[in-house]
Amino acid sequence: MSAVSSARAPDPDAPVVLELAGITKRFGPLIANEAVDLTLRRGEIVALLGENGAGKTTLMNILFGHYVADEGEVLVAGPDGALVPLEPGSPRAALDAGIGMVHQHFTLAENLTVLDNVLLGTEPLWRPWRSTAAPRAKLAALMARSGLSIDLDATVADLTVGERQRIEILKALYRDVRILVLDEPTAVLTPQESDGLFATLRALADHGLAVIFISHKLHEVIAAAGRVAVLRSGRKVAEVPTAGIDRGRLAELMVGRTVAPSRREPRTPGAEVLRLDRVSIAGAEVRRRLDEVSLTVREGEIVGIAGVSGNGQTALAGLLSGLLAPSAGTLALDGRTLDALTPGAVVALGVGRIPEDRHAEGAVGAMSIEENIALERFRSARFQRAGFLRAKAIRDHAETAIAAYDIRCPGPHAAIRQLSGGNMQKAILARALDGEPRLVLANQPTRGLDVGAVAEVHRRLLAARLRGAAIVLITEDLDELFALADRIAVMFRSRLTEPCAAEDVTLKRLGLMMAGHDPAEVA
Amino acid sequence: MLRLVPRIEADPKLVIAAPIVAALAALLLAAVPIALAGAPVIEAYRVMAEGALGSRFALTEVVARATPLMLTGLAVAVAFRARLYNIGAEGQLYMGALAAVWVGSGRFDGPAPVMIAAVLVAGALAGALMMLGPTLLKVKLGADEVVVTLLLNFVVALFVQMMIEGPMKDPMSLGWPQTEAILDSATLPKLIDKTRVHAGLIVALLAALGVHLMMKHTVVGFEIRAVGAGPQAARFAGMNVTAAMVTVGALSGALAGLAGVGEVAGLKGYLTADLSPGYGYAGIVVAMLAGLSPLGVVIAALWVAAVFVGADSMSRSINVSSYVANLIVALALLSVLLSGVLVRFRLVRARAPQRRTER
């Protein structure tokens, strides 16, 4: 991702600070971790690479005491350097042993200041006064050493995601951690912010901190870590230094097979399908607001919407899904201006929608696969007669979809929540793309899916594009953006930039646009 | 140390077995208070079984008592399915009874089929209207329907009290607080002579069958299930969540209202403040025991009714308070909630954490 790829080779003589020995964890019949070994030395950055569901987070939750391993043990270096077992199932013991964790979803009190958040939980409860001089001095020293800088008196609610992540790291450092675990830390950052994070981690490692960095993105792992352990289906399949590593080989190790990248066939866009003309949606929060957004999407093109999460993508998706009505401006579909937007009306007009949160919005978990596939059209004459459901038609339709989309499931009657994320997403695709919609909204369509399912989703979207659908792709995954989009626009603080041809957008330029710089300025 | 491990999918056999085991467990657990009351336990159970099942009269009495429980149980089951927690079946029952009396006690008269239809419709409407407010408050403002429906029960109790001591008081009642009697033409006919089994039973059975078919095979039932199990996804898919909730609320209230019609027009003939010994609340237990299945409600209602009838008989012959029935029903609810956990989770004996070296 960046030019700052200068991870040092691990120092084989540094003392071992952490050892995971033969960790096995089962959830019912599912094996989340199987005999995983991992050692971590002082001052090194180790990446834990693996697909979603490979067992990375489970392993770290065992380390941090959220789960108890069925077999194996965690050994941590004591003050004298000797390895001693860590009490299982106790986050308190992990904290006392100097292990800190920065979760993917931050755990900050938004109404408090940075300083309050850092000190939270470290001060005695029964003391009527508080002195902040000593903590401030300690934090100043920590910030100077690590290169993290932040205003201690700012309120967290006013800070950006990148700044909040810095607080999380400072919180851990303030507690004198010797081992820092970061779970998918770059998921919410712009490319530039990610580079800043990696520089910070290297500075901290130079001062003796041992870092475990969880990721499923190859380029980050190579940029940030000195050594990488690859997990697949709960087992550690490789552990190699990142210096001189073969990326293709690493990808194969992670996925377990070679995956051909999806090809975007050249296609000339046709007639205009969607036109947003200075559409605004009123809202208190940036994420739920749109400010004068204009956009046109034509037949047979994919317009990618990039941006750091929480910049109004939710509002844009809500608008195109029919959940939110514009407070100003017009939305036209195939040249017809629409006013009364409801999800049902939008579906009837031929819009296929893939929602961001497939568990809450995409599917009713307790209902069956066939019912979920018919969920948007159960009132059509195809699926009901005189108010009575046509069970046979619903079943046949689901069986066709299961075969066509290769949905791996016990059968159309099984509850959809039993399916893996990838198969659930295939069922939602089958529903959204049914009837060859004119416009497709794909909001984070591959989030949390494994590489095989990602390739399948991409293949389906590209096939829809080829047959002439207009596609709006909202994504935070930049690899996906460049693989699929014909044109790219960026959302920042509820506004949308003018889309540019994907060929003209470099990663660096995109990063600056995501951080709010004027596209003309950074061109 | 025991730990709960989630099952991937509940075993369908367990789902059926759980409430049966829970009902039996509740009966067995009641042995403790019966023994503490100083009664011979085995004898108590024998008297109870005989009182509930031992004679033709006993059986008809169980059926008569089960009739309102089926309807309140259905009212609760259909609402809970849509995650609309209607605790107000008791109040809806009384409003249904009050409406039936208002329509059927001489305001107008006609042939029996018309009058019976009129009291049934009036009671169902009154119950449905009672649920309109709580449902809209929940959907539009997020007001907790548990609190609203529960408190409305007390509002209704006082309102009924006011009506039977005031505007609707029977002038011929020698001062007793009761309404005028339902006309003969509006009275639900007895199904079996010289027993208390009345045509309300047919209404209850048809309602159970109807609700079952509706939930399973109709567009409305599909929508109710979707809105109940995943409101956000239902809305995203284009369903009108408000309309579906109002439909469920009205249906639930109407069913409870019908229970009141049956009691007043099938059994008692006039309305007093003690029409229901808590059928509305017992309906919650019935629905839970039935696993919210409309057909299961019929069986669960018969069981709960048998417990009440048996306990009455026991209290007459061996001097154990008939409140033991309330105890058994309450225990059954607790047992069924616990068994629900065991259906979804497995109990596993966990290894004690190994601590070879102290830090």
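Residues numbered from 1 in each chain as written. Chains lettered and ligands numbered in written order. Predicted model: local features only at pLDDT ≥ 70, side-chain atom pairs only at ≥ 80, totals over all residues.

A. Structural detail: the overall build of chain B. The helix and strand inventory of chain B stands at 14 helices and two strands. Taking 359 residues into account, the globule formula puts the C-alpha radius of gyration at 21 Å, and chain B, at 22 Å, falls close to it. Overall size of chain B, expressed as C-alpha extent along the three principal axes, is 85 × 60 × 35 Å. Taken across its 359 residues, chain B has 49% of its residues classed as buried. A separation of at least 24 residues holds for 79% of the contacts in chain B among residues at least 6 apart in sequence. (Helix = DSSP H or I, 4+ residues; strand = E, 2+ residues; numbered from the N terminus. Rg over C-alpha atoms; globule rule 2.2 N^0.38 Å. Buried ≥ 20, exposed ≤ 12 C-beta atoms within 10 Å, placed from the backbone. Contact = placed C-beta atoms within 7 Å.)

B. Broad picture of the overall build of chain A. When you go through chain A residue by residue, the secondary structure sums to 18 helices and 23 strands. In summary, chain A has a C-alpha radius of gyration of 25 Å against a globular reference of 24 Å for 523 residues, a match within 12%. Relative to its 523 residues, chain A shows a buried fraction of 46%. Taking contacts inside chain A between residues at least 6 apart in sequence as the whole, the part at least 24 apart equals 71%.

C. Region of the structure containing the confidence of the model for chain A. In this model, chain A carries a mean pLDDT of 87, and residues with pLDDT of at least 70 account for 96%. Low pLDDT (under 50) marks residues 1–7 of chain A, which in the prediction has 20 contacts with non-local residues, meaning those over four places away or in another chain. (pLDDT = per-residue confidence, 0-100.)

D. Quick look at the interface of chain A and chain B. Tallying the contact residues gives 33 residues for chain A and 26 residues for chain B. Elements with a contribution of two residues or more to the side of chain A that touches chain B: β5 (83–85), α10 (343–348), α11 (358–362) and β18 (388–389) of chain A. Its residues assigned to classes, the side of chain A that touches chain B shows 18 nonpolar, eleven polar and four charged. (Nonpolar A, V, L, I, M, F, W, Y, C, P; charged D, E, K, R; others polar.)

E. Highlighting the nonpolar core. B:Leu74, B:Val286, B:Val297, B:Ala301 and B:Val304 are the most contacted members of the largest nonpolar core, which totals 266 residues. Counting residues per element, this core draws most heavily on helix α13 (residues 294–318) of chain B, which supplies 14 residues. If you count residues domain by domain, this core takes at least three from each of domain 1 (16–106 + 177–255) and domain 2 (272–361 + 436–522) of chain A. Discounting chain neighbours no more than four positions away, the residues touching B:Val297 are B:Met70, B:Gly73, B:Leu74, B:Ala77, B:Ala208, B:Val286, B:Ala287 and B:Ala290. (Core = buried A, V, L, I, M, F, W, Y, C linked by C-beta atoms within 7 Å. Domains from an automatic or database assignment.)

F. Spatial organisation of the sheet that holds strand β6 (residues 99–102) of chain A. All names here are of chain A. Across the sheet, which stays open at both edges, the six strands sit in the order β6-β7-β8-β3-β9-β10 with mixed pairing between neighbours. If you trace the sheet from one side to the other, it starts and ends with β6 and β10 (235–241), each paired once. If you compare each strand with its neighbour and ignore which way they point, the axes differ by 20° on average. As defined by bridge partners, strand β9 (residues 227–232) adjoins β10 across six bridges and the pair is classed as antiparallel. Bridge assignment links Leu231 to a residue of β10, and that residue is Lys236. Packing against the sheet, helix α1 (residues 56–63) makes contact with β3 (45–49), β6, β7 (179–183), β8 (210–215) and β9, and its axis sits at approximately 145° to β7. (Pairing = 2+ DSSP bridges. Axes fitted to C-alpha atoms, helices over the stretch in contact; angles between N-to-C directions.)

G. Looking closely at the domain arrangement of chain A. All names here are of chain A. Each assigned domain of chain A is listed here: domain 1 (16–106 + 177–255) and domain 2 (272–361 + 436–522). The C-alpha-based centres of domain 1 and domain 2 are spaced at 34 Å. With eight residues of domain 1 at the interface, the matching set in domain 2 holds ten residues. Along the lines of polarity and charge, the residues of the side of domain 1 that touches domain 2 split into three nonpolar, four polar and one charged.

H. Region of interest: the sheet that holds strand β11 (residues 272–281) of chain A. All names here are of chain A. The four strands are arranged β12-β11-β14-β15 in an open sheet whose pairing can be described as antiparallel. With one partner strand each, in any of the chains shown, β12 (290–298) and β15 (336–338) form the two edges of the open sheet. Taken over all neighbouring pairs, the strand axes of this sheet differ in orientation by 20° on average, direction set aside. Two strands pair when backbone bridges link them, and β11 and β12 are joined in this way by six bridges, in the antiparallel orientation. When the bridges of β12 are listed, Leu276 appears paired with Leu295. Here helix α9 (residues 313–321) sits on the sheet and contacts β11, β12 and β14 (328–333); the angle it forms with β12, its principal contact strand, is near 55°.

I. Here's a closer look at unusual backbone geometry. For A:Arg278, which is not glycine, the phi torsion reads 45° and is therefore positive. Following the sequence through the fold, A:Arg278 ends up in strand β11. You can call A:Arg278 partly exposed: it has 13 C-beta atoms within 10 Å. Phi is positive for B:Leu292, which is not a glycine, with a value near 60°. By secondary structure assignment, the location of B:Leu292 is in the loop between α12 (279–289) and α13.

J. Summary view of helix α5 (residues 89–104) of chain B. Residue and element names in this part refer to chain B. In this model, α5 (16 residues) spans 22 Å end to end at C-alpha, consistent with the 22 Å of a helix rising 1.5 Å per residue. The element α5 is extensively covered by neighbouring structure, given that 15 of its 16 residues are classed as buried. Positive phi shows up at Gly106, right after α5, with a value of about 110°. (Expected span 1.5 Å × (residues − 1).)

K. Examining the environment of B:Leu183 more closely. Residues and elements named next belong to chain B. Structurally, the position occupied by Leu183 is in the loop between α7 (145–165) and α8 (200–217). Between the alpha carbons of Leu183 and Ala112 there is a distance of 9.5 Å; along the sequence they are 71 residues apart. Once residues within four sequence positions are removed from consideration, Leu183 is found in contact with Gly104, Ser105, Gly106, Asp109 and Met115.

L. Region of the structure containing the environment of A:Trp126. Mapped onto the elements of the fold, A:Trp126 is located in the loop between α3 (114–119) and α4 (133–146). A tally of 4 C-beta atoms within 10 Å means that A:Trp126 is categorised as exposed.

M. Representation of the pairing of β9(A). All names here are of chain A. Where burial is concerned, most of β9 is hidden: five out of the six residues are buried. Sheet analysis places β3 next to β9, joined by four bridges and oriented parallel. Among the inter-strand pairings, Ala47 is bridged to a residue of β9, identified as Val228. Counting the residues in the hairpin turn of β9 and β10 gives two residues, including Ser233, whose phi is positive at 50°.

N. Structural context of the confidence of the model for chain B. Per-chain confidence: chain B averages 89 in pLDDT, with 94% of residues scoring 70 or above. The ipTM assigned to the predicted complex is 0.83, against a pTM of 0.79.

O. Geometry of the packing of α12(B) against α13(B). Residues and elements named next belong to chain B. Contact pair α12 / α13: the axes reach a minimum separation of 8 Å and the direction vectors enclose 125°. If you check the angle between α12 and α13, you find them oblique. The way α12 lies across α13 gives a crossing that is right-handed. Residues Ala282, Val285, Val286, Ala287 and Leu289 of α12 form the contact with α13, whose own contacting residues are Val297, Ala300, Ala301 and Val304. Here the residues of the contact of α12 with α13 sort into nine nonpolar, no polar and no charged. (Parallel < 35°, antiparallel > 145°, perpendicular 65-115°, else oblique. Left-handed = near helix turned anticlockwise from the far one by under 90°.)

P. Inspection of the packing of α5(B) against α7(B) at higher detail. Residues and elements named next belong to chain B. Their axes nearest at 8 Å, the elements α5 and α7 cross at an angle of 25°. Considering their axes alone, α5 and α7 lie roughly parallel with respect to each other. The crossing of α5 and α7 is left-handed. Residues Glu90, Gly91, Tyr94, Met95 and Leu98 of α5 form the contact with α7, whose own contacting residues are Leu152, Asn153, Val156, Ala157, Val160 and Met163.

Q. Looking closely at the pairing of strand β1 (residues 16–27) of chain A. Residue and element names in this part refer to chain A. One ladder, built from eight bridges, connects β1 with strand β2 (residues 30–41); its direction is antiparallel. The partner of Glu19 across the bridge, within β2, is Thr39. A loop of two residues connects β1 with β2, the two strands running antiparallel in sequence, and Gly28 in this loop sits at a positive phi of about 60°. Pairing of β1 with strand β4 (residues 71–77), which is carried by five bridges, proceeds in the antiparallel orientation. Counterpart to Thr24 in the pairing with β4 is Glu71.

R. Fine view of the environment of A:Glu73. Residue and element names in this part refer to chain A. Examined against the element boundaries, Glu73 turns out to sit in strand β4. Taking the number of C-beta atoms within 10 Å as the measure of exposure, Glu73 has 16 and is therefore partly exposed. Considered as a pair, Glu73 and Leu63 are ten residues apart in the sequence and their alpha carbons are 9.0 Å apart. Setting aside residues up to four positions removed in sequence, Glu73 forms contacts with Ala21 and Pro85.

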